[in-house]
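What follows is each chain in one-letter form.
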Amino acid sequence: MPLMKSWVTSANSDTTPFPLNNLPYGVFSIGDSDPRCGVAIGDMILDMAAVEEAGLIGIDEDDAFDLPFWNDVMELGPDVWATLRARLTELLAEGSADQALVEPHLVKLADVQLHMPLLVSEYTDFYAGRQHAANMGAILRGSPDLPANWLHIPIGYNGRASSVVVSGTDLHRPNGQTKAPDAEMPSFGPTKRLDIELEMGAIVGTPSKLGQPITVDEADKMIFGYVLLNDWSARDIQGWEYQPLGPFQGKAFGTSISPWIVTAAALEPFRAPTPAREKELLPYLNGTVDGLYDIELEVLMQPNGADHATALTKTNYNRMYYSAAEQLCHHAIGGCAMNAGDLLGSGTISGPEKSEYGSLMEVSWAGREPFTLDTGETRTFIEDGDTLTLRGAAIGDGYQIGFGDCTGTILPAVKHP
């Protein structure tokens with residue numbers, strides 16, 4: 001599909017992440033105004049509450065956009081999502097008869113504050129990157145062999161929805177228990193091995209019923225859209241606590257997402273297949289459509305005071321072993337009810353080369369191989385004042401589908417009382 005032209009001229013560049021082909025959903029405010037729903041187009045935001053009030057957008061629910069989240073729209077289902085996207089395209093397309101009516105309701109992206117685009121109902125993080133799982137096995141256990149269940153099920157754990165924050169939110173270095181290999185007792189204090197994990201987040205748009213499993217194809221249709229996701233990780237805290245029940249405080253202190261929900265419809269031209277299965281999956285995990293997407297991803301680090309960020313790694317979402325739809329299907333297979341606003345982290349996305357590793361644990365090989373930034377400084381893990389940025393885009397014919405940066409700066413740990 002080529003670039004779709006808009007009368008918003010800034011949307012017609014191959015460098016903007018927000019062409020007419022995209023139309024991602026976010027929440028914004030200007031000054032002291034209340035946060036409300038908006039749609040990014042070029043370097044502008046369409047004020048959805050304003051166009052709704054003007055009678056230019058009509059869906060099955062009144063005042064669906066004068067809200068600080070998109071959950072109400074999600075719950076209306078795929079037919080309404082398609083109708084809304086078609087109407088937005090009609091309003092913003094080059095030659096639109098409604099340009100004069102819509103134009104007053106555009107605001108400059110540079111003038112707004114962006115907020116969480118949804119109310120996160122529940123957060124589940126998966127461990128579905130084949131290369132990442134092999135790397136972590138080699139680092140932690142001396143062998144790249146996978147756990148016995150890994151090639152059969154999408155492994156995940158229930159995280160903390162309360163700790164999911166929008167891009168630009170600073171996070172304090174977490175405190176917790178750690179234990180040195182030669183120590184008799186654990187100690188308490190700030191993590192020394194603070195890490196990132198480059199992930200995609202899938203947002204569930206329509207719910208499922210308690211006790212009712214869903215198919216992979218049904219799960220695919222339930223996904224409203226995607227965000228970039230940084231699953232911040234305190235590796236030393238995690239290493240001491242994770243057996244036998246998995247991550248807890250090492251993951252609970254913060255998860256950052258990009259500010260714009262890129263809809264599944266916008267990503268449709270970029271579908272990609274999951275890789276050949278090393279073990280045949282059980283039939284319930286089989287679907288009929290390609291479940292991954294061709295989305296180029298990048299991680300950057302910028303120390304405090306540096307004038308630019310250093311690119312650390314580049315990879316692609318199509319490196320994953322399990323798709324979001326397979327993950328969602330497995331999540332519900334025992335009868336777990338899925339909710340509108342549920343967020344599913346893909347798991348760390350790593351490729352086969354070191355330049356494609358999606359965590360600092362892998363890039364520095366657990367601290368044994370420091371890397372050098374453009375400033376000349378070296379790192380193994382994140383230091384206070386460092387800003388980490390995730391970027392991603394699906395590259396089309398003369399355009400790109402972007403998510404907006406997913407950034408976070410690490411502040412010093414809070415002193416425990």
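Residues numbered from 1 in each chain as written. Predicted model: local features only at pLDDT ≥ 70, side-chain atom pairs only at ≥ 80, totals over all residues. Heavy atoms only, no water.

Engineer: Sorry if this is basic, but what is going on with the environment of Trp260 here?
Structural biologist: Residue placement: Trp260 occurs in the loop between strand S16 (255-257) and strand S17 (262-263). Once the C-alpha coordinates of Trp260 and Gly351 are considered, the two residues, 91 residues apart in sequence, prove to be 25 Å apart. (Helix = DSSP H or I, 4+ residues; strand = E, 2+ residues; numbered from the N terminus.)

Engineer: What is the right way to look at the pattern of salt bridges in this model?
Structural biologist: Oppositely charged side chains may form a pair once their charged atoms are brought near each other. Tallied over the full model, the rule gives 19 salt bridges. Its salt-bridge partner being Asp220, residue Arg271 comes within 2.8 Å of it at the nearest N-O pair. Linking Arg271 in strand S18 (residues 271-272) with Asp220 in helix H6 (residues 216-222), this pair joins segments that are 51 residues apart in sequence. A residue is classified by how much of its surface remains accessible, and Arg271, at 21% relative accessible area, is partly exposed. With a relative accessible area of 13%, Asp220 lands in the buried category. Linking Glu326 and Arg277 is a salt bridge whose minimum nitrogen-to-oxygen distance equals 2.9 Å. Highlighted residues: Glu326 in helix H10 (residues 324-332) and Arg277 in the loop between S18 and strand S19 (292-293), separated in sequence by 49 residues. (Salt bridge = Lys/Arg side-chain N within 4 Å of Asp/Glu carboxyl O. Buried < 20%, exposed > 50% of the residue type's maximum accessible area, 1.4 Å probe, protein only.)

Engineer: Would you take a moment to explain the layout of surface pockets for this structure?
Structural biologist: Take a probe with the size of a water molecule and roll it over the atoms, and the empty space left behind shows itself. Quantified by volume, the largest pocket comes out at close to 1,000 Å³. Every residue lining the largest pocket is counted, 41 residues in all, and those nearest its centre are Met136, Leu140, Gln238, Gly239 and Tyr242. For the lining of the largest pocket, the secondary structure elements donating two or more residues are strand S6 (123-126), helix H5 (130-141), strand S7 (156-158), strand S11 (187-190) and helix H7 (235-241). In the lining of the largest pocket, the residues fall into 18 nonpolar, 11 polar and 12 charged. Put simply, the second largest pocket is a space of about 320 Å³. Residue lining of the second largest pocket: 14 residues in total, with Pro78, Trp81, Ile223, Ala264 and Ala265 positioned closest to the centre. Elements supplying a minimum of two residues to the lining of the second largest pocket: helix H3 (78-92), H6, strand S14 (223-230) and helix H9 (264-267). (1 Å grid on protein atoms, 1.4 Å probe; cavity = no way out; pocket = protein on both sides within 12 Å on 5 of 7 lines; lining within 4 Å. Points joined across faces, edges and corners; volume = space filled by probe spheres on them. Nonpolar A, V, L, I, M, F, W, Y, C, P; charged D, E, K, R; others polar.)

Engineer: Before we go on, may I ask you to explain the sheet that holds strand S3 (residues 44-47) in this structure?
Structural biologist: The strands making up a sheet associate through hydrogen bonds between their backbones, and the pairing can be parallel or antiparallel. Strand order in the open sheet formed by five strands is S4-S3-S2-S1-S5, and the pairing between neighbours is antiparallel. Either end of the sheet is taken by a strand with one partner, and the two such strands are strand S4 (106-108) and strand S5 (113-115). Between one strand axis and the next, the sheet turns through 50° on average, direction left out of account. Pairing of strand S1 (residues 25-29) with strand S2 (residues 36-41), which is carried by four bridges, proceeds in the antiparallel orientation. Note on S2: the bridge partner recorded for Val27 is Cys37. Strands in contact with H3 are S1, S2 and S3; relative to S1, the strand with the most contacts, it is inclined by about 65°. (Pairing = 2+ DSSP bridges. Axes fitted to C-alpha atoms, helices over the stretch in contact; angles between N-to-C directions. Contact = heavy atoms within 4.5 Å.)

Engineer: Would you take a moment to explain the packing of aromatic side chains for this structure?
Structural biologist: Geometry of an aromatic ring pair is reported as the spacing of the ring centres plus the angle between the planes. For the structure shown, the criterion picks out 12 aromatic pairs. Judged by centre distance (6.2 Å) and plane angle (70°), the ring pair of Phe270 and Tyr399 falls under edge-to-face. With a gap of 129 residues between them, Phe270 in the loop between H9 and S18 and Tyr399 in the loop between strand S25 (387-395) and strand S26 (400-402) connect regions that are remote in the sequence. Tyr399 shares its class with Phe270; the two are buried. (Phe/Tyr/Trp six-rings, centres within 6.5 Å; stacked < 30°, edge-to-face > 60°.)

Engineer: Even after reading the chapter, I still don't get a negative patch on the surface, so can you show me in this structure?
Structural biologist: Where like charges cluster on the molecular surface, the negative patch consists of Asp34, Glu53, Asp62, Asp63 and Asp66. Tracing the backbone shows Asp34 in the loop between S1 and S2. (Patch = residues over 30% accessible without salt bridge, like charges linked within 9 Å, V, L, I, M, F, W, Y side chains within 5 Å. Areas by Shrake-Rupley, 256 points an atom, 1.4 Å probe, with all protein chains shown as cover. Lys, Arg positive; Asp, Glu negative; His and termini not counted. Charge placed at Lys NZ, Arg CZ, Asp CG, Glu CD.)

Engineer: Is there a simple way to explain the nonpolar core in this structure?
Structural biologist: Soluble globular proteins tend to bury their nonpolar side chains together. Counting residues in hydrophobic clusters, the biggest one holds 72 residues, and the most contacted among them are Met200, Tyr226, Leu267, Ile295, Tyr317, Leu328 and Ile382. Of the residues forming this core, the biggest block, five residues, is contributed by H10. Not counting the four nearest positions on each side in its chain, Leu267 is found in contact with Tyr226, Val262, Tyr293, Ile295, Ala394, Ile401 and Phe403. By size, the runner-up hydrophobic cluster in this structure holds 44 residues, among which are Val39, Val51, Val164 and Leu229. (Core = buried A, V, L, I, M, F, W, Y, C linked by side-chain atoms within 4.5 Å.)

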